[in-house]
Every structure is written in C-alpha cells, then in structure tokens.
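# Structural description and commentary
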Amino acid sequence: MPVITYRQALRDTLRAEMHRDENVFLMGEEIGVFEGSYKITEGLLKEFGERRVRDTPIAEEGFVGAAVGAAMLGLRPVVEIMTINFSLLALDQIVNHAAKIYGMFGGQNSVPMVIRTPGGGGQQLGATHSQNVELYYAFVPGLKVVAPSTPADAAALLRAAIRDDDPVLFLENLGLYNTKGEVPDEEVVGEIGRAAVVREGTDITLVGYSRMAMIATQVADRLAEEGISVEVVDLRSLRPLDRETIVNSVKKTGCAVVAEDDWLTYGIGAEIAASIQEGAFDYLDAPVRRVAMAEVPLPYAKPLENAALPSAESVTTVIYETLRAVGRRVG
Amino acid sequence: MSDSTVREEPELIQLLTPDGEYVPHPDYPFEPATAQVRDLYRDLVLVRRLDAEAVALQRQGELGLWASLLGQEAAQIGSARALEPQDMAFPSYREHGVAWCRGVRPRDLLAMFRGVTNGGWDPYEHNFHLYTIVIGSQTLHATGYAMGVQRDGALGEDGTAVITYFGDGATSQGDTNEAFNYAAVNNAPVVFFCQNNQWAISEPNDRQSKAPIYQRAAGFGFPGIRVDGNDVFACLAVTRKALQHAREGQGPTLIEAFTYRMGAHTTSDDPTRYRTSAEIEEWRRKDPIARLRAYLVREGKADDGFFDAVEAEAEKLGEQVRAECRALPDPAPLDIFREVYAEPHRELDRQRAEFADYLASFEGAEGAAR
Ligand SMILES: Cc1ncc(C[n+]2csc(CCOP(=O)(O)OP(=O)(O)O)c2C)c(N)n1
Ligand SMILES: [Mg+2]
C-alpha cells in the first residue's frame, strides 16, 4: 500500500470524486489560484477549471449559504472554510439552514454538501484562529460530523461524505496535514458513524479523535514498553456517535480516559464519559477521566500555547492516575 | 444634518502627483507648511524602517508573524495624522503606521506579534484599539463606539470622531456592510477607512467587488470618496474633512484609499505565486516616500542634510527595535489563566491550582533526575 500524507489523501480523493461525478465542485477562500491556505486543493484549478474550483470573496456566511442553495439543486458542493474558526461566521447557514432544510421542507429537499475545515491549535495563530469548536456542530441534529485521524480514514470518510445526501462537516486538523500513513489503492468508502479500535489492549481504554487519536496511539505505543496495554478507540465520527464500540471496549478494560483537544466543560469528553457510565457502569473500576485544553482562549505565545494544550505527557499522567485508582502500580 | 445624497466625486483625489508636484484641490484645503511636511516625511521613513526590521525579526524566528505595511505608509500616516487626540481608531492588523502616530511604542507592537502578551498596549492611553484579525469585525465595534460618543453628546467642533481601518477584502464581509448600514441610519460619527491595497491575500480586487468600493457608500446613504492612498497630503486632507464631518454630527464617510501592498500578505505568504513583477514595478513608481521626497527637493524644503539625518534616525530606530524585541521576556505558563475573565471565576481558579501542581510535579521529576 502506498504511504502518503493526510494532505495528499484529501487531495487525491477530491480529485477522484470530481472525476467520478460532474456535480461535485469546490468552493472557498483562496482555494483556486493560491491552491488553498494549506494546499489541499493544489493543482485542482489547473485540472478542472473555474467552473469546478471556485474562489470566493471573504464572506463565509455568503458562500456557505450559496452552497446550501446549490446543494438544493442537486449539486454536490465541497466547501473549504479556511479554518473552523471562520465557520462561526457561517453558523446560521450551517445550523439553521443546512441542518434543517430536509426536515423543515418535509423531506423533499436534502442538502448534500460537505464543509471541509481544519481545527487545531499549536500553530501559534492566536485565540481566534486556534479553536476546536466541532462540538457546536456535533450538537446539531441534521448534521453529520466526521473527524478522521489517519490518511486512510481521511480518504475513506471524505469519499463517504461527498456521496452522502446529508450535510457533513468534515473536520481536518492543522497538526495532521503532514502526517503519513498507508492508503489502499482501491477505492474505499468509509462508513460515517463507526468508531475504530485502532489498537487493542486490555488495561485501559483511551478514547480520542482527530489529532488526539494520533496522540493516543503514540501514548499507547510508549506505555506498551512499560507493560501497560492500552486500547485506543478513534471516534472518527462525532455525529452519529458510535457508542457501542466505546462501551464494548470499556466492558473489556474496566476503565477509560478521554483525550480531547477542545475545552473540558461541556466538551466532547463529557458526552463520551456519560455514554460510558450509561452503557458500562457495572464494568467500571475507576471514574472516567478527561484530558482537555485548559479553559482559556488559546494563547499566541509558544510557551503558553504549549502549556494550554493537552499533550502526550498530560494524557500519560492521567492514565497512570487512573491505573493507580484501580490498584495497579505504575509510573 | 446628514448628507444623504452622494456628491459627484472625481475618481481619485490627489494633491501630490507621483513626480512630487503639489496640485491644490478646492474641496480639500491643505497648507503644506515646511515643518509639517518634513514631519510627515520622517514618519513615513521611520515606519517603513520599523516594518522592515519586524519582517527581518520574523525571518530570524524572533516574531511569530508579521503583516507588512510596505507601500501603504502614506494611507496610514496621512489618515492618522488627521486624528485629534480624543479621536478613537479601530485598526485591523496591518496598521503599524497608525499605531506609530498614536504613540504606541514599537516594542509594544512587537510584543504582541512575538506573543509575549495578549494586549501589548493600553487602548485608552493611545485611543488606538487592539488589532482585530477576524476580517471586518472591528467596523461594527467602531460603529458601536461611535454611537456611544453620540449618546454621550461628545459631538461638535471639538467633539470626538471614530475611525476604523479595514482592507478591500473586508468589504465582502457581512459585518462590514452591516456596519455601513447601521452607522448610516444612526448617523454615527465614524469614518470607514478602507485601504484598498488591491489584494486580499491572493484574491485581486476585481474578484471581490464589482463596483468601485467607495461607490458603495451611496447605496447606504452616506458619502464615499476615493483618494490616492500613496499621496500623504490627500490622505490627510480627505480624512481630516471626513473626521470633521463626523465630529460635527453629520454622520459617516467611506474613504477608499487606493494603494498597493508592496510586500507579502504576511510573512507566511509568497506573492510571486499569484501576481506579476510588472504590476509591482508599476506601483513602485507611485511610491509614497519617493514622491514626498521629490516634493521636498523640488520646493527646496529639505536638503541632503535633512534626508541623511532622517536616514540615520531610521537606522537607530531599527537597532533599537531589534534590541528591545530580543529583550522581551517570555511569559510564565500560569499566565494563561490570567486574562480569561475580568471577574473572579472559581472553576478557573481550581484549574489554575491543578495546573500549578502539575507543573510542580515536573520540577520535582527534573530534580530527581539530576
Ligand atoms: C472571517 C475571516 N475569514 C478569513 C480570514 C483569513 N484572512 C486573513 S487576512 C485575509 C485577507 C484580507 O484582505 P483585505 O481585507 O484586503 O486586507 P489586507 O490583508 O489586504 O490588508 C483573509 C482572507 C480571516 N482572518 N477572517
Ligand atoms: Mg487588501
């Protein structure tokens, strides 16, 4: 299997889907001539022309709304929002329109659009440019939210999102674009709403998604050297949420830690912890713990940014604490 | 009384030709007194030097990012020198020339881009608000502030006016157009100063706005003017008049300063990907500093001694900025909790204490290893 970057997996998939279906087209700021702020759309304007790759003015509410309209006509817009932070300017079109048109129009009109957008701190971009607000969308019935962490999942889930008849928010991450992994040559269409056990283990369940799923795997690898067997669950999809896979893992291990890149209070981890206690209460040997960002607007200063973000070290610390709580001697 | 009809404006107000010839304009009186013109020249040269030093510092890893103002010095210095001390300015992120005129210390400006402080300067000390990076938002803040001024009755000949800076790209944004409309219906004392530098990152102006930007004001019911943004006299005279108009309760004005971003969008951009060197050459011939220098020479208002002295001062400023930037201390990790709420917040205090323990545990571990 070829090994490619997350960025390349996205680009190859966009390209293949545009070849497959004439109705698929791209729109967003800086995606054409500039080839995307993060170069995901490199080469696509040259290959497909302006009819299929459309640069937009700086008007997020405007172009997302226009994509909703185009999708209602049966086109399949794939919108790039430069970063998830700017999706906040399009919140009304996403939450009030894309998510609700199908229901409020009596199921007569679906909105088959994809919004691709990266989240992620750690790039020294300041508080308004470094947020992880996917939760806002995962909260909304009518939307689907996927958050792949590997190049293979990025390809499979982007393919699925484009072919899906509902609006899908496709979460990327600035810290993942350069990561590499195997991607099968054959066309794999992912299943939206399925988590994956990416590493089997018996001592503790570690749940993450997007960048934190990558960190979780690294933590598991390192702890394996100390004889600690960590099972890693990569959520991959935040809505629909695959509670079954999470709960089954905890039934096996008896304890869990959730690693999330968003803020703790009301964050994704809170939902996971609640799901675990509902589904596996009798199996739990220790409270479910969460590792999240410090509850502050992310600072721009490098040392402060590092201090605020969850890391492999902070995840490891909480795993040790949890294992000690179940009576293991670790750390 | 508000002027809801739009005057027939010529395409571009210009008082100083690219060759440095002063051409008076009947609507925009301007007396180029020698001392003032020399001061303007000094401002232009010094902010260009400050900007170049900041770009260099970023290249050397001393700053996280820098958005260069190269080419836009006249638009910024001209408009900012038109401000009265009590006036309030709401910038975007490129207004280092305006910051300079408002007395913001270069070190404080750099501290923000170095990321060692969130604030950098006291906005009320300088009547210069902090930088806003989410495109267009500050136009609404300025409108609200201006309505506050109105409510306080601080209008009249010596009243307060508000100015907000934004780019051509920002005119696509809903916020900006909502600000235009809201300011217009409320007759708010605000000047919308758009630096049309021809580019929004890689998007040329004609891909963002079909009509000339200044003409948009007409639809909202207030005057719009296009001024030569590389002409410091015109920028000063036009802005002064618009500010006075606002100050006296006559409502908003949109000024489109027609200029050019000579450098990259920011230090993370490479403009050779999307624009030609011919275009840059064409604008280089309209350089704001060269033209003022030509004027000073032509009019005999400055000699080599003056130019050399300004050059030497710029060199010194560059060195000073560099030294001060490098000396800025890194903040401490626990500072992340300091500026989240103005009021006490119990849960955050708890998280701070927990984080302090966590940090302390590392110190212990290091100690043990040693
Ligand atoms: C709401 C929002 N969308 C996108 C961006 C990314 N962005 C930063 S600067 C910029 C271009 C702005 O162009 P313009 O308004 O002309 O100002 P200039 O940079 O030319 O001074 C864009 C799109 C942003 N900061 N905010
Ligand atoms: Mg611009």
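Keep in mind that this is a model prediction, so the values were computed, not measured. (Residues numbered from 1 in each chain as written. Chains lettered and ligands numbered in written order. Predicted model: local features only at pLDDT ≥ 70, side-chain atom pairs only at ≥ 80, totals over all residues.)

## Quick notes on the overall build of chain B
The secondary structure content of chain B amounts to 13 helices and seven strands. Computed over C-alpha atoms, the radius of gyration of chain B comes to 22 Å, within 12% of the 21 Å expected from 2.2 N^0.38 for 370 residues, which places it in the range of a compact globule. With the principal axes as the frame, chain B shows a C-alpha extent of 80 × 50 × 40 Å. Burial status across chain B gives 46% buried among its 370 residues. A separation of at least 24 residues holds for 78% of the contacts in chain B among residues at least 6 apart in sequence. (Helix = DSSP H or I, 4+ residues; strand = E, 2+ residues; numbered from the N terminus. Rg over C-alpha atoms; globule rule 2.2 N^0.38 Å. Buried ≥ 20, exposed ≤ 12 C-beta atoms within 10 Å, placed from the backbone. Contact = placed C-beta atoms within 7 Å.)

## What about the nonpolar core?
In terms of nonpolar packing, the biggest core is built from 201 residues, with Val79, Ala161, Leu206 and Ala216 of chain A together with Val191 and Ile255 of chain B touching the most fellow members. In this structure Val79 of chain A touches Met27, Gly28, Phe63, Val64, Ala67, Met113, Val114, Ile115 and Arg116 of chain A, once residues within four positions along its chain are discounted. (Core = buried A, V, L, I, M, F, W, Y, C linked by C-beta atoms within 7 Å.)

## Focus on the pairing of strand E11 (residues 230-234) of chain A
Residues and elements named next belong to chain A. Most of E11 is tucked away, with five of its five residues classed as buried. Burial along E11 is two-sided: the face carrying Val230, Val232 and Asp234 and the face carrying Glu231 and Val233 are both buried. In the sheet, strand E9 (residues 196-199) pairs with E11 via three bridges, with the strands oriented antiparallel. Each residue of the ladder has a partner; that of Ala196, found in E11, is Asp234. In this structure, strand E10 (residues 204-208) lies alongside E11, joined through five bridges in parallel fashion. Across the sheet, the residue bridging to Val207 is Val233, located in E11. (Pairing = 2+ DSSP bridges.)

## Digging into the domain arrangement of chain B
Looking at the assigned domains, one finds that chain B contains domain 1 (34-327) and domain 2 (333-369). Once you take the C-alpha centre of each, domain 1 of chain B and domain 2 of chain B turn out to be 39 Å apart. (Domains from an automatic or database assignment.)

## Some words on the domain arrangement of chain A
All names here are of chain A. You can read the domains of chain A as domain 1 (3-182) and domain 2 (196-325). A separation of 26 Å is found between the C-alpha centroids of domain 1 and domain 2. Each partner contributes residues to the interface: domain 1 has 25 residues there, and domain 2 has 22 residues. Elements with a contribution of two residues or more to the side of domain 1 that touches domain 2: helix H6 (134-138), strand E6 (144-146), helix H7 (151-163) and strand E7 (168-173). When grouped by side-chain class, the residues that make up the side of domain 1 that touches domain 2 number eleven nonpolar, eleven polar and three charged. (Nonpolar A, V, L, I, M, F, W, Y, C, P; charged D, E, K, R; others polar.)

## A look at the pairing of strand E2 (residues 24-28) of chain A
Residue and element names in this part refer to chain A. Extensive coverage of E2 is indicated by the burial of four of its five residues. In the sheet, E2 pairs with strand E4 (residues 76-80) via five bridges, with the strands oriented parallel. Bridging across to E4, Leu26 finds its partner in Val78. Judged from the three bridges that link them, E2 and strand E3 (residues 53-55) form a sheet pairing that is parallel. If you follow Met27 over to E3, its bridge partner there is Arg54.

## A few points about the interface of chain B and chain A
Listed per partner, the contact involves 30 residues of chain B and 25 residues of chain A. With three residues, the top contributor of residues to the side of chain B that touches chain A is helix H13 (residues 346-369) of chain B. Per-class residue counts for the side of chain B that touches chain A are 15 nonpolar, ten polar and five charged.

## Re the site of ligand 1
Residues in contact with ligand 1 amount to 20 residues; listed here are only the nearest, Ile135, Gly167, Gly169, Ala170 and Ala200 of chain B. Around ligand 1 the close residues trace back to chains A and B. Looking at side-chain class alone, the shell around ligand 1 contains eleven nonpolar, four polar and five charged residues. (Near = placed C-beta within 6 Å.)

## A closer look at the UniProt feature "domain: Dehydrogenase E1 component" (unreviewed entry) in chain B
Mapped onto this structure's residue numbering, the UniProt feature "domain: Dehydrogenase E1 component" (unreviewed entry) falls at residues 44-318 of chain B. The distance from the first to the last C-alpha atom of residues 44-318 of chain B is 14 Å, and the span holds 46% helix and 11% strand. (UniProt positions renumbered as here; feature names shortened; annotations may be inferred.)

## Some points on the sheet that holds E11 of chain A
Residue and element names in this part refer to chain A. Pairing is mixed across the open sheet formed by five strands, whose spatial order is E9-E11-E10-E13-E14. Edge strands, defined here as strands with exactly one partner in the open sheet, are E9 and strand E14 (289-293). Averaged over all pairs of adjacent strands, the angle between their axes in this sheet comes to 25 degrees, without regard to strand direction. Where helix H10 (residues 268-280) meets the sheet, it contacts E10, strand E13 (256-263) and E14, and its direction lies at approximately 155 degrees from that of E13. (Axes fitted to C-alpha atoms, helices over the stretch in contact; angles between N-to-C directions.)

## A closer look at the environment of Val257 of chain A
All names here are of chain A. Secondary-structure assignment places Val257 in strand E13. Residue class for Val257 comes out buried when judged on the 27 C-beta atoms lying within 10 Å of it. Sequence-wise, Val257 and Ser110 are 147 residues apart; in three dimensions their C-alpha atoms are separated by 37 Å. Leave out the neighbours within four places in its chain, and Val257 touches Ile204, Leu206, Arg289, Val291, Val315, Val318, Ile319 and Thr322.

## Let's talk about unusual backbone geometry
Residue and element names in this part refer to chain A. Of note, the bond from Arg239 into Pro240 is cis; its omega dihedral lies within 30 degrees of zero at 0 degrees. Looking at the secondary structure, you find Pro240 in the loop between strand E12 (237-239) and helix H9 (243-253). Phi is positive for Ser210, close to 50 degrees, though the residue is something other than glycine. Locating Ser210 in the fold gives a position in the loop between E10 and helix H8 (211-224). Take Ser210: there are 29 C-beta atoms within 10 Å of it, and that puts it in the buried class.

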